[in-house]
Amino acid sequence: MGFDQFLFFVFAGVAVLGSLLVIGQRNPIYSVLALIVAFFGLSGLYVLLEAPFVAVVQIIIYAGAIMVLFLFTVMLLNVPREDAAEWDRAHPYYRPWALRVGTALAVVMALQLGWALSRTPGLGVGVADERPAISSVAELGRVLFTDYMFAFEVTSILIIVAMVGAVALARKRES
Amino acid sequence: MAIGYYLVLSGLLFAIGAAGVFLRRNIITLLLSVEIMLNAVNLAFVAFGRQLGTVDGQIITFFVMTVAAAEAAVGLALVIGLFRHRESLNPEAFTSLKW
Amino acid sequence: MLDWLTAPQTIFFLSVTMVVFLALQISAAVMVYAERKVAAFMQQRYGPYLVGPKGLLQPIADIVKLVFKEELKPKAADTLLFAAAPVISAIAAFTAFAPVPFGAATTFFGLLPEPMPLMVADINVAVLVIFAVTSMGVYGIVLAGWSSNSKYSLLGGLRSSAQMISYELAYGMSLATIVMLAGSLSLREIVDAQQGYWLGFIPKWYAFINPISFLIFTTAGIAETNRAPFDFPEAEQELVAGYHTEYSSMRFALFFLAEYINMVTVAAVATNLFLGGWHGPFIPEAYGWIWFLIKLSVLCFGYLWLRWTLPRFRYDQLMGFGWKLLLPAATINLLVSAAGVLYFGL
C-alpha cells in the first residue's frame, strides 16, 4: 500500500467518522464540531486529488465561515440537547410501519447502488492514471470567468437574495 | 487511487447525510446533514474532474459551496425566527399548518 | 532505506521547523516584555525592572508563575471543550506561520545541494492557507466562551466571533488586491515581486503602490488578533476578561501565547505582502532575514504603540466601522487595483 493510499484511508476515515458523529449524538455543539473535523478530512482528500485550491477554499468557506455561523446560532439560541423522551416518541424506530417500509426501501436502494456500481466499467481505473491534473489557480480562474461566466453572475445574485432574505427573516418585528 | 474508492466514499457520506435528515429531531442537525450531502457530491465532482483532467469538477464545487453558504444563511435565519415562536428546535413543534 | 532521514534537505527542513517553533515562543515572551516596557514608557513609569538586568528575565518569571498556578475549572463547564479550546487557539497560531517565508533561498553555507527557501512549508496557495488557518483561531475563542458556562465568557466569545467574521472580509479583500498585483498566491513569489527601486531609492513595496490596502490589512489584522483598540472579546471593564475569564494556569498561558503569536504572524505576513519581506539595502541577500526581523519589529512596535495610545471603540461602532467603512473601502480598492492591473499593467 502506497503512502497516498494510506493517506486516502486516513482522510476518508476522518470524514466518515466525523459525519457519523454529526448525526450520532444529541448535543448540537458537538455536531457542529464533528462536521468541521469531517471537512478537514475532505479537504485532505482534495489535496490528494491535486486540487489544493478547492482544499483551501473548503476550509475557508465551510470551516471558517459557514460553520462559525452555525456555531454562532447554536450559542445564541443556547440550543438544548435533544430531549431524549421527546426523541424516543418521535423516533422512527418507535413507529413499526415507518421502520419496516424505510428499511425495505433502504435495502432496495443499497442493492441497486451496489448492482449499478458493479456493472460500471472503469471503476478500478486510478483517478491519476489517465490525464495530468490541472491544479493551477490561474487556469481555474480563466475557466471560471469565461466558460462559467453566466453561472458565476447568477451566483452573485443568489448570494444577494440570500443576504436580503436572511436579514429580513431574522430581523425583530417592531411592534 | 481508483475512482471507485472515491465514489463509494462519496455515496457513504451522502447516505450518512440522508440518514441524518431522517433520524435527527433538531433543525440545526438537519441543516448540518444537508451540508454533509452537499459535500459528498462535491467530492464526487472533484474526483471525476481529476480523472477527466478538467477543471470543471473543481469549478462546480465552488458553485455548490456558494449555494451551501446561501442555504446556511437563510436556513439559520429561519431557525432563529422559528425558535422565537416556539422555543424549540424540534421539527415536530412546527405543525400548525398540518391538518 | 532511511537515507532520506539523514539527507541534508530533511535535516534542514526539520531544523527550520524547530527554529520557527522556538522562535515563535520566544517572540511571544519578548513581546510580553516589550509590551510592559512600552506601556510603562508611555505612562512614564519603570515597568518590570527587578527580575534580571532591566527586568529582562521577567517573561521567565511569568512563565514559572503560570506553570505553578492551580488549574481551575468551573463545575458546570463542558470538560472536553474547556480543555480543547486553548489547544485549538495555540495550534492555529503556530500553524499559521508555517507558509510564511522569512529569508531568501539559501544553500546554508554550501551544505545543501540546491538552495532551499527559509520557510517551513513552501505552498503555492500560501496566502489562502494563512487566511484559512487564522480563521480557525476563532474556534478556540468561541468554544472557550461557550464551554466555560459563564455569562462573561459567553459574551466575549460571541463578540469575538462576530468581530472576526466581520473583519475577515476586509482582510481577505486586501489580500486579494495584493495577490492580483503580484499575480501569485505564493508568499515567496509575492516577496520577490517587490524587488527593485524607483528612482534608485524608493523600494517597490506594495505598501507604496497600494497604501490603502496596507492600511486595511493592518486595521483588519489588529481586529483579527483582538488587539486594542478592537479588543472587545476581553474588554476588562465590561466583560472581566472575556472568553478566558474562567481560565487559569497553563490553559490561560496557551491563550496568551496564541494572542502574541498571532500578532507576530500578522506582522510577518504584512512584512511579506507589503514591505518587501527580506529584501533591503546594505545587507547581503543571504542575510535577508535580518531585514525581515527589523521590519517585523517595527510593525510589532506599532501594535504596542496603538494599544497604549488609542481608547477602545464602542462595540456597535466597531461593527459599523468594519461593515460600513472598511469593507466598502476594500472592495472599491480591489476594483480600482483590478483596473490598474488590467489597463496599466502595474
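It should be emphasised that the depicted structure is a prediction, and the values quoted were computed from it without experimental measurement. (Residues numbered from 1 in each chain as written. Chains lettered and ligands numbered in written order. Predicted model: local features only at pLDDT ≥ 70, side-chain atom pairs only at ≥ 80, totals over all residues.)

Caption draft 1: View of the overall build of chain B. The number of helices and strands found in chain B is 3 helices and 0 strands. Each helix (α) and strand (β) of chain B, taken in turn from the N terminus, gives the series α-α-α. Compactness check: chain B gives a C-alpha radius of gyration of 17 Å against a globular reference of 13 Å for 99 residues, more than 25% above the reference. In terms of its C-alpha atoms, chain B occupies a principal-axis envelope of roughly 50 × 25 × 20 Å. A buried classification covers 46% of the 99 residues belonging to chain B. A sequence separation of at least 24 residues applies to 45% of the contacts in chain B between residues at least 6 apart. (Helix = DSSP H or I, 4+ residues; strand = E, 2+ residues; numbered from the N terminus. Rg over C-alpha atoms; globule rule 2.2 N^0.38 Å. Buried ≥ 20, exposed ≤ 12 C-beta atoms within 10 Å, placed from the backbone. Contact = placed C-beta atoms within 7 Å.)

Caption draft 2: Region of the structure containing the overall build of chain C. Check the secondary structure of chain C and you find 13 helices and 2 strands. Since a compact globule built from 346 residues should have a radius of gyration of about 20 Å, the 21 Å found for chain C is in line with a globular shape. Principal-axis analysis of the C-alpha atoms places the extent of chain C at approximately 60 × 55 × 50 Å. For chain C, with 346 residues in total, the buried portion stands at 46%. In chain C, the share of contacts with a sequence separation of at least 24, taken over all contacts with a separation of at least 6, comes to 77%.

Caption draft 3: Just the interface of chain A and chain C, in detail. Contact residues are listed per partner, giving 15 residues for chain A and 17 residues for chain C. Class assignment for the residues of the side of chain A that touches chain C results in 14 nonpolar, 1 polar and no charged. (Nonpolar A, V, L, I, M, F, W, Y, C, P; charged D, E, K, R; others polar.)

Caption draft 4: Region of the structure containing helix α11 (residues 249-274) of chain C. Compared with the 38 Å implied by 1.5 Å per residue over 26 residues, the 37 Å span of α11(C) between its first and last C-alpha is a close match. One or two residues past the end of α11(C) sits Gly276(C), with phi positive at roughly 75°. (Expected span 1.5 Å × (residues − 1).)

Caption draft 5: Spatial organisation of the arrangement of the chains. Counting contacts across all 2 pairs of chains that touch, the top-ranked interface belongs to chains A and B. At no point do chain B and chain C touch; the closest pair of C-alpha atoms across them sits 13 Å apart.

Caption draft 6: Focus on the interface of chain B and chain A. Each partner contributes residues to the interface: chain B has 58 residues there, and chain A has 65 residues. Elements supplying a minimum of two residues to the side of chain B that touches chain A: α1 (3-23), α2 (27-52) and α3 (56-86) of chain B. The dominant element in the side of chain B that touches chain A, judged by the number of residues it contributes, is α3(B), at 20 residues. Taken together, the residues that form the side of chain B that touches chain A break down as 37 nonpolar, 16 polar and 5 charged.

Caption draft 7: How the structure looks around the environment of Leu14(C). Residue and element names in this part refer to chain C. Among the structural elements, leucine 14 can be located in helix α2 (residues 8-42). Judged by C-beta crowding, with 11 C-beta atoms within 10 Å, leucine 14 ranks as exposed. Residues leucine 14 and leucine 80 lie 66 residues apart in sequence; the distance between their C-alpha atoms is 32 Å.

Caption draft 8: Spatial organisation of unusual backbone geometry. A positive phi angle, close to 60°, is found at Glu50(A), a residue other than glycine. With respect to the secondary-structure elements, Glu50(A) resides in the loop between α2 (28-48) and α3 (52-77). Overall, the presence of 18 C-beta atoms within 10 Å leaves Glu50(A) in the partly exposed class. Although it is not a glycine, Gln44(C) adopts a positive phi angle of roughly 55°. Mapped onto the elements, Gln44(C) comes out in the loop between α2 and α3 (58-68).

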